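Notes for the structure review
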Amino acid sequence: MAATTGTFRLGPDNGRIVLKTSRAGFAAKAGHDLTIEVTRWSAQVEVPDEDAGGVTAAKVTAELDLGSLEVREGSGGAKPLSDSDRRDIKKTMSGILGDGTASFTSSKITRFGASGGAIEGTVTLNGQSQPVRLQVSEPGPGRYRGSATVQQTGFGLKPYTGFFGALKLKDEVTVEFELNLPEAGAAG
C-alpha cells in the first residue's frame, strides 16, 4: 500500500461496496446467487505521517445504509432474475434488516509487501458485533480493492429459506469493495 497520509472522506463517488450471497439446499438451482450494492455509505480513513506509524497506524471507519441495498445481479437460477424478483428481494431484505446501518471500525492494519495487506476490525449490525478481516490490495496508485466474509448468524440473522426450506441462502456473505482515494489536496 502506498505511503499516502491525511484524512480521506469516502462515499459512493469514490467507489463501490457490494454484498455477494450464494444459495444452498435441495432447490438451490431454482434460486440465484446475488450481487447486492450498498448505494449509500460513508467511510473515513485517517493515515498519520510515517513517523507516527503511517499506514499501519491508520484508522478506518465506515457506515453502510441498509435501506440502500439494491440487487444488481442474479446468476444461476431456473429463470433470469426479473425486475419483479428484484423488488421482492429488496422487500424481503428490508423486512429482515430494516432501514438501519451496519458499521465497521478498524483495530489493526498489517501490510504485506508493497501493494497488499489486511485490515482487522469489528462489524456491528442489529446491535451485535463480530470481528472481520478485510484482505486488501492496491492494484494501482490510490486504488484499493478488498473483501471479507461475514456470517449472518453472527448478527442474530437467520439466513433466508424458501420453498419450505428446500432453498436456502448460505450463512456466509462476502463483502467486496473497490475505491479510489481522492487526491491528497482534496482529502479534507
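This text gives an overview of the structure that appears in the document. Here the structure is a predicted model, which is why all the values come from computation and not from measurement.

1. Brief notes about the pattern of salt bridges
According to the stated counting rule, one finds 10 salt bridges in the structure shown. Among the ionic pairs, R40 bridges to D65, the shortest N-O distance being 2.8 Å. On the criterion of sequence distance, the pair formed by R40 in the loop between β4 (33–38) and β5 (41–47) and D65 in strand β6 (residues 59–65) is long-range, its members being 25 residues apart. By relative accessible area, which is 45% here, R40 ends up partly exposed. In this structure, R145 engages E178 in a salt bridge whose closest nitrogen and oxygen atoms are separated by 3.7 Å. Of the two residues, R145 sits in strand β11 (residues 143–151) while E178 sits in strand β14 (residues 172–180), which places them 33 residues apart along the sequence.

2. Focus on the pairing of β11
Side-chain alternation along β11 places Y144, G146, A148 and V150 on a buried face and R143, R145, S147, T149 and Q151 on a face that remains uncovered. The pairing of strand β10 (residues 128–140) with β11 spans 4 bridges and is classified as antiparallel. For G140, the partnering residue across the bridge sits in β11 and is R143. Linking β10 to β11, which pair antiparallel, is a turn of 2 residues; within it G142 sits at a positive phi near 75°.

3. Overview of the nonpolar core
Counting 41 residues, the largest nonpolar core has L10 and F104 as the members making the most contacts within it. The residues touching L10, leaving out its near neighbours within four places in the chain, are W41, S42, A43, V45, L179, N180, L181 and P182.

4. Section: the sheet that holds strand β13 (residues 167–169)
Strand pairing in a sheet takes place through backbone hydrogen bonds and is either antiparallel or parallel in direction. Spatially, β3-β13-β12 is the arrangement adopted by the 3 strands of the open sheet, whose pairing is antiparallel. With partners counted over all chains shown, the strands left at the sheet margins are β3 (23–24) and β12 (161–162), one partner each. Here β12 pairs with β13 via 2 bridges, running antiparallel. Among the inter-strand pairings, T161 is bridged to a residue of β13, identified as K168.

5. Here we look at the sheet that holds strand β1 (residues 6–10)
As summarised here, the arrangement of the 11 strands in space is β1-β5-β6-β8-β9-β10-β11-β14-β2-β4-β7, forming an open sheet in which the pairing is antiparallel. Each end of this open sheet is capped by a strand with a single partner; those strands are β1 and β7 (69–75). If you compare each strand with its neighbour and ignore which way they point, the axes differ by 20° on average. Where β5 lies against β6, 6 bridges are found, and the strand directions are antiparallel. Note on β6: the bridge partner recorded for S42 is E63. Sheet strands in contact with helix α1 (residues 83–97) are β4, β7 and β9 (116–125), and its direction is about 130° off that of β7.

Here is what the cut-offs are and how they apply
Numbering of residues starts from 1 in each chain and follows the order in which that chain's sequence is written. Totals for whole chains, interfaces and linings use all residues, but because this is a predicted model, local features are given only for residues with pLDDT of at least 70 and pairs of side-chain atoms are given and counted only at 80 or more. Hydrogens are left out, water is left out, and the side-chain values use all remaining heavy atoms of the structure. Here, a salt bridge means any side-chain nitrogen of Lys or Arg that lies within 4 Å of a carboxyl oxygen of Asp or Glu. Under the scheme used here, helices are H or I runs from DSSP no shorter than 4 residues and strands are E runs no shorter than 2 residues, and both carry numbers assigned from the N terminus. Think of it in three bands: residues with accessible area under 20% of the maximum for their type are buried, residues over 50% are exposed, and the middle band is partly exposed, with areas taken using a 1.4 Å probe on protein chains only. By this definition, two strands are paired if DSSP reports at least two bridges between them. Buried residues of nine kinds, namely Ala, Val, Leu, Ile, Met, Phe, Trp, Tyr and Cys, make up a nonpolar core once their side-chain atoms join them within 4.5 Å. Contact definition: two residues touch when any of their heavy atoms are within 4.5 Å. Axis lines are fitted through C-alpha atoms, for helices just across the contact stretch, and the angle between N-to-C directions can take any value from 0 to 180 degrees.

Keep in mind these numbers describe shape, not what the thing actually does.
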